[in-house]
Amino acid sequence: MQRWIILTAVTAALTGLAAPAQAADPAPAITTVTLGDATIDAKLPGKVRVDVGYVCSVGAEARSLTVSVEQKDPQDSSSIAFGSSRTAEADVICDGTPQQRQIVVQSKTFNWIPDVDAVLTATVSNIGATPPAAADARRVTLVTADAAAATPTPEPTS
């Protein structure tokens, strides 16, 4: 009878030690991406700068950040400016903290047209994470860097 009590006490103590280790299993970080503004380079109208924010989980797996832009010419439906840019794997920081980047996308066909809508798409692929990829897409009006920097000053009223 004494052995049974000792064995029960030892088993309960060992079970109590193992339980917290099982409960400490953290949930995996989620991969997200969010598009911001897009501005045309005033000196090189074939380039547009796109603001991108993303978060991806910590891991040693391959990852990439790809941004693409497409814009139709309102005067000529057969003219479409498009381009994409992929960030080198070593430059994509995945440590579970929010990251902000400005990605330059070069048009492969025509120069970007100011004050005309364009479709932006951004994808963060993080193989081995949950989910393995995240994307965001939105329609924005492209403006030149000069127009974006010039903010109208309100006239004083009397």
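Residues numbered from 1 in each chain as written. Predicted model: local features only at pLDDT ≥ 70, side-chain atom pairs only at ≥ 80, totals over all residues. Heavy atoms only, no water.

## Let's talk about the nonpolar core
What counts is decided by this rule: Nine residue types can take part in a nonpolar core, namely buried Ala, Val, Leu, Ile, Met, Phe, Trp, Tyr and Cys, and a core is a set of them joined through side-chain atoms within 4.5 Å. Under the scheme applied here, a residue whose accessible area is under 20% of the maximum for its type counts as buried, over 50% as exposed, and between as partly exposed, the area being computed with a 1.4 Å probe on protein chains only. Only DSSP runs of H or I reaching four residues or more are called helices, and only runs of E reaching two or more are called strands; each is numbered from the N terminus. Working rule for contacts: check all heavy atoms of both residues, and any pair within 4.5 Å makes them a contact.
The biggest cluster of nonpolar side chains holds 25 residues, and the ones touching the most others in it are Val48, Val50, Val52, Val69, Val105, Trp112 and Leu142. When residues of this core are traced back to their parent elements, those giving at least two are strand E1 (32-40), strand E2 (47-55), strand E3 (63-73), strand E5 (99-106), strand E6 (116-126) and strand E7 (133-144). Sequence-distant contacts of Val52, defined by excluding residues within four places in its chain, comprise Val33, Thr34, Leu35, Leu65, Val67, Gln99, Gln100, Arg101, Ile103 and Ala122.

## Observations concerning the sheet that holds E5
Quick reminder of the rule: When DSSP locates at least two bridges between a pair of strands, those strands are taken to pair. Working convention: axes come from line fits to C-alpha atoms, limited for helices to the stretch in contact. Angles between N-to-C directions cover 0 to 180 degrees.
With mixed pairing, seven strands are arranged side by side in an open sheet as E4-E3-E6-E7-E1-E2-E5. Pairing within the sheet leaves two strands with one partner each, and these edge strands are strand E4 (76-87) and E5. Between one strand and the next, the sheet's axes are offset by a mean angle of 20 degrees, whatever the strand orientation.

## Side note on the confidence of the model for the protein chain
Worth spelling out the cut-off: Each residue carries a pLDDT score, the predictor's confidence in it, ranging from 0 to 100.
In this model, the protein chain carries a mean pLDDT of 79, and residues with pLDDT of at least 70 account for 72%. Considering each helix and strand of the protein chain separately, the mean pLDDT is smallest for helix H1 (residues 2-23), with a value of 46, and largest for E5, with 96. With pLDDT under 50 throughout, residues 4-25 is counted as low confidence; its partners more than four residues away or in other chains account for zero contacts.

## As for unusual backbone geometry
Positive phi values are uncommon outside glycine, yet Asp115 reaches one of about 60 degrees. Following the sequence through the fold, Asp115 ends up in the loop between E5 and E6. Overall, Asp115 belongs to the exposed group, its relative accessible area being 60%.

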